[in-house]
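Now for the letters of each chain:
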Amino acid sequence: MIQTSPIRPLDPDSIAAAAETLKAGGLVAFPTETVYGLGADATNDLAVARIFETKGRPRFNPLIVHLPDLESAGTVALFDNRADALGRKFWPGALTLVLARNPDTKLSKLTSAGLPTVAVRVPAHDGARMLLKEVAHPIAAPSANRSGRISPTTARHVGDEFGDEIAVILDGGPCQIGVESTVVDLCGEAPILLRPGGVPVEALEEALGRTLSVATDDAGKPRAPGMAGPHYRPSLPIRLDATAAIPGEALLGFGPSDTATLNLSASADLREAAANLFSHLHTLDNKNYTGIAVMPVPDRGLGRAINDRLLRAAAP
């Protein structure tokens with residue numbers, strides 16, 4: 001019997017096939033502007049449970065629910081003036097808002113991991129938005145990788161991780177942003193940054209007219225994805241703030257470097273660095289090296305998201 005790859009081009013036929021898979025309770029990997037997501041019908045308990053099972057993800061770790069527009073997001077979450085303003089300014093885009101669940105929502109409670117909140121996002125990727133409209137249901141989707149491993153920014157990364165465990169992998173090319181969405185909790189009086197990501201914190205603070213508080217990690221019951229301890233990890237150890245590699249290591253550079261094995265951005269462009277981060281980690285994570293040394297990245301703009309991912313990837 002001939003084995004066919006689950007990776008399919010991002011065209012109307014493949015989107016229709018992916019939508020039918022989702023409606024039947026199956027899993028689909030699809031591109032967004034941040035990373036590739038592992039999607040299930042967010043209103044189907046069994047389908048959402050398959051995400052946790054397939055990823056090996058703890059059930060206490062909530063999922064992001066993807067929707068096609070701000071209006072549909074309002075059917076699953078309760079929006080105040082702040083949430084509405086941020087949604088109008090940054091959606092579609094790489095921002096996730098943690099809000100109180102709408103009591104009338106049909107979302108599976110598994111998406112919220114037992115919390116009274118829900119994390120919602122409207123992605124900007126055309127393929128993701130076409131899939132959402134075709135399914136006509138919200139899609140729960142964490143990154144399409146094994147729990148704790150390097151996030152995928154190409155369809156091939158997903159295929160290498162899961163093989164044929166996923167029925168359809170939609171290939172939309174490399175992700176434009178390359179790091180996950182920024183997550184902001186608006187459930188209390190003070191907005192809280194739960195995870196830096198594709199929307200710079202500075203832009204959010206300007207829009208809100210105030211400084212964001214920063215959440216501390218809570219491995220016992222995280223309020224958002226990406227907060228549960230070590231994450232984004234290659235199989236090789238990572239050494240941060242390196243100026244050079246030691247024998248056996250690969251050097252992941254930033255800025256001008258004659259010795260970098262791969263460079264996030266030789267011109268020190270943080271957007272380029274974010275887009276290259278996970279892809280370069282995938283490439284360097286191989287038996288030719290004993291570890292990965294990483295040069296310093298400025299902790300501003302998208303650099304905050306890059307450093308967050310690197311710190312978690314390097315955690316013991």
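In this convention, every chain numbers its residues from 1, walking through the sequence in written order. Under the rules for a predicted model, residues below a pLDDT of 70 receive no local features and side-chain atom pairs below 80 are neither given nor counted, while totals for whole chains, interfaces and linings still include all residues. The side-chain figures draw on all heavy atoms in the structure; neither hydrogens nor water molecules are used.

## Remarks on the side chain of Asp 308
Within the secondary structure, Asp 308 sits in helix H9 (residues 302-314). Working rule for contacts: check all heavy atoms of both residues, and any pair within 4.5 Å makes them a contact. Excluding its chain neighbours within four sequence positions, the residues that come into contact with Asp 308 are Arg 195, Pro 196 and Tyr 232. Helical segments are the DSSP runs of H or I of at least four residues, strand segments are the runs of E of at least two, and each set is numbered from the N terminus.

## As for the sheet that holds strand E2 (residues 28-30)
Here a strand pair is declared whenever DSSP counts at least two bridges between the two strands. The 11 strands lie next to each other as E1-E8-E2-E3-E7-E4-E6-E5-E9-E10-E11, forming an open sheet whose pairing is mixed. Two strands close off the open sheet at either side, each with one partner strand: strand E1 (7-9) and strand E11 (213-214). The sheet contact formed by strand E10 (residues 192-195) and E11 spans two bridges and is parallel. The partner of Leu 193 across the bridge, within E11, is Val 214.

## Observations concerning the sheet that holds strand E15 (residues 291-294)
The strand order across the open sheet built from four strands is E12-E15-E13-E14, with neighbouring strands paired in parallel fashion. Each end of this open sheet is capped by a strand with a single partner; those strands are strand E12 (238-239) and strand E14 (262-263). Sheet analysis places E12 next to E15, joined by two bridges and oriented parallel. Note that in E15 the partner of Ile 238 across the bridge is Ile 292.

## Describing the environment of Thr 283
Along the chain, the position of Thr 283 falls in helix H8 (residues 270-284). Put simply, Thr 283 and Leu 262 are 21 residues apart on the chain and 9.0 Å apart in space, counted from C-alpha to C-alpha.

## Quick look at the side chain of Asn 263
Counting through the fold element by element, Asn 263 comes out in strand E14. Nitrogen and oxygen atoms within 3.5 Å of one another constitute a polar contact, given that in protein one can donate a hydrogen and the other can accept it, and given that sequence-neighbouring residues count only through two side-chain atoms. At 3.4 Å, the side chain of Asn 263 and the backbone nitrogen of Phe 254 are in polar contact. A distance of 2.8 Å separates a polar atom in the side chain of Asn 263 from the backbone oxygen of Gly 255. In this structure, Asn 263 is in contact with Gly 253, Phe 254, Gly 255, Ser 257, Asn 276 and His 280, ignoring residues within four places of it in sequence.

## Side note on the packing of aromatic side chains
Stacked, tilted and edge-to-face are the three classes assigned to paired rings of Phe, Tyr and Trp, where Trp is represented by its six-membered ring and a pair needs centres within 6.5 Å; plane angles under 30 degrees give stacked, over 60 edge-to-face, the rest tilted. Considering all chains together, one arrives at two aromatic pairs under this definition. Relative to Trp 91, the ring of Phe 79 has its centre 6.1 Å away and its plane inclined at 70°; by these criteria the two rings are edge-to-face. On the criterion of sequence distance, the pair formed by Phe 79 in the loop between helix H3 (70-73) and helix H4 (81-90) and Trp 91 in the loop between H4 and strand E5 (95-100) is long-range, its members being 12 residues apart. For Phe 79, a relative accessible area of 25% translates into the label partly exposed. Accessible area is worked out with a 1.4 Å probe on protein chains only. A residue is then buried under 20% of its type maximum, exposed over 50%, and partly exposed in between.

## Quick look at the nonpolar core
Of all hydrophobic cores here, the largest spans 71 residues; its most connected members are Leu 95, Leu 97 and Val 120. The biggest single contributor to this core is H8, with seven residues. Non-local contacts of Leu 95, meaning those with residues more than four positions away in its chain, are made with Leu 86, Phe 90, Val 120, Arg 121, Ser 181, Thr 182, Val 184, Val 199 and Leu 204. Residues grouped as a nonpolar core are buried Ala, Val, Leu, Ile, Met, Phe, Trp, Tyr and Cys residues, joined through side-chain atoms within 4.5 Å. Judged by nonpolar contacts, the second largest core, of 14 residues, contains Leu 22, Ala 128, Leu 131 and Ile 139.

## As for the packing of H4 against helix H7 (residues 201-208)
Lines are fitted to the C-alpha atoms to define the axes, a helix being fitted only along its stretch in contact, and any angle between axes, read from their N-to-C directions, falls within 0 to 180 degrees. Relative orientation of the contacting elements H4 and H7 amounts to 130°, with a least axis distance of 10 Å. One finds that H4 runs oblique with respect to H7. Classified by chirality, the crossing of H7 by H4 is right-handed. Between H4, through Arg 82, Leu 86, Lys 89 and Phe 90, and H7, the contact on the second element is made entirely by Ala 203, Leu 204, Ala 207 and Leu 208. Class assignment for the residues of the contact of H4 with H7 results in six nonpolar, no polar and two charged. In this scheme, roughly parallel covers angles under 35 degrees and roughly antiparallel covers those over 145, while 65 to 115 is roughly perpendicular and the rest are oblique. Handedness of a crossing is defined here by the sense of rotation of the near helix relative to the far one, left-handed for an anticlockwise turn of less than a right angle and right-handed for a clockwise turn. Amino acids outside the nonpolar list (Ala, Val, Leu, Ile, Met, Phe, Trp, Tyr, Cys, Pro) and the charged list (Asp, Glu, Lys, Arg) are all regarded as polar, and Gly is one of them.

## Some details on H4
Among all positions of H4, only Ala 83, Leu 86, Gly 87 and Phe 90 are buried. Along the axis of H4, the buried residues cluster in a sector spanning 100°; they form a single face. Away from its buried face by more than 90 degrees, H4 exposes Asn 81, Arg 88 and Lys 89. Contact partners of the buried residues in H4: H3, E5 and H7. To be clear, the arc concerns the directions from the helix axis to the C-beta atoms.

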